[in-house]
Amino acid sequence: MPAKLTLTAQDLKRGTIIEEASWYPIVITAVKEEINAKGDAKNVVVDGELLPSSDSNKAKYAGVPIRRYFSEKAPGMAKNYITACGVVIGEEGGEFDLEGSVGRQMEAYIKTRLDDNGRMQNDVVDFRPLK
């Protein structure tokens, strides 16, 4: 029997490495909670997709999926994401429903890094409101 593998257009985009570290327009497509690999904390997993861009160097990445994890162990790392969603965070902080950010457009700073197995991957390191 032949060994077959089916790749969709989304599968092909998932393997795209963004070559230039920069700010890219994105839309948030999903937000969910899951337990981290060690089983000792909750992560909020934010999925997004790069939007079309008028910049020809960035336009080729339209549709590329991105993912960012926020851990309950370091909730301050979500500050810029929350403010990119248009939320004003007061001095006392607060509790924020990140699932409400699905569909929100913003910019993400994306660069590359090596994962634990030495493979290149996209790394979403910051967020800001869409300009």
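None of the values given here were measured: they were computed from a predicted structure.

Caption draft 1: Structural detail: the overall build of the protein. Summing up its helical and strand segments, the protein has three helices and five strands in all. If you list the helices and strands of the protein from N to C, you get α-β-β-α-β-α-β-β. Across its three principal directions, the C-alpha atoms of the protein cover 60 × 40 × 25 Å. Residue burial in the protein is summarised as follows: out of 131 residues, 34% are buried.

Caption draft 2: Quick peek at the nonpolar core. In terms of nonpolar packing, the biggest core is built from 23 residues, with I26, L50, Y81, M106, I110 and F127 touching the most fellow members. Looking at this core, the element that brings in the most residues is strand β1 (residues 22-35), giving four residues. Setting aside its immediate chain neighbours within four residues, M106 contacts Y24, P25, I26, I28, Y81, A84, C85, F127, R128, P129 and L130.

Caption draft 3: Geometry of the sheet that holds β1. Strand order in this open sheet of five strands is β3-β2-β1-β4-β5, and the pairing throughout is antiparallel. Bordering the open sheet on either side are β3 (65-71) and β5 (120-129), each of which pairs with just one other strand. Between one strand and the next, the sheet's axes are offset by a mean angle of 45°, whatever the strand orientation. The pairing of β1 with strand β2 (residues 42-50) spans nine bridges and is classified as antiparallel. When the bridges of β2 are listed, I26 appears paired with L50.

Caption draft 4: A look at the pattern of salt bridges. On inspection of all chains with the given rule, the structure shows nine salt bridges. For R14, the salt bridge identified is with D11, shortest N-O distance 3.5 Å. Taken as a pair, R14 and D11 lie in helix α1 (residues 9-14) at a separation of three residues, close to a single helical turn. On the accessibility criterion, D11 (30% relative accessible area) is partly exposed.

Thresholds, definitions, all that
Residues numbered from 1 in each chain as written. Predicted model: local features only at pLDDT ≥ 70, side-chain atom pairs only at ≥ 80, totals over all residues. Heavy atoms only, no water. Helix = DSSP H or I, 4+ residues; strand = E, 2+ residues; numbered from the N terminus. Buried < 20%, exposed > 50% of the residue type's maximum accessible area, 1.4 Å probe, protein only. Core = buried A, V, L, I, M, F, W, Y, C linked by side-chain atoms within 4.5 Å. Contact = heavy atoms within 4.5 Å. Pairing = 2+ DSSP bridges. Axes fitted to C-alpha atoms, helices over the stretch in contact; angles between N-to-C directions. Salt bridge = Lys/Arg side-chain N within 4 Å of Asp/Glu carboxyl O.

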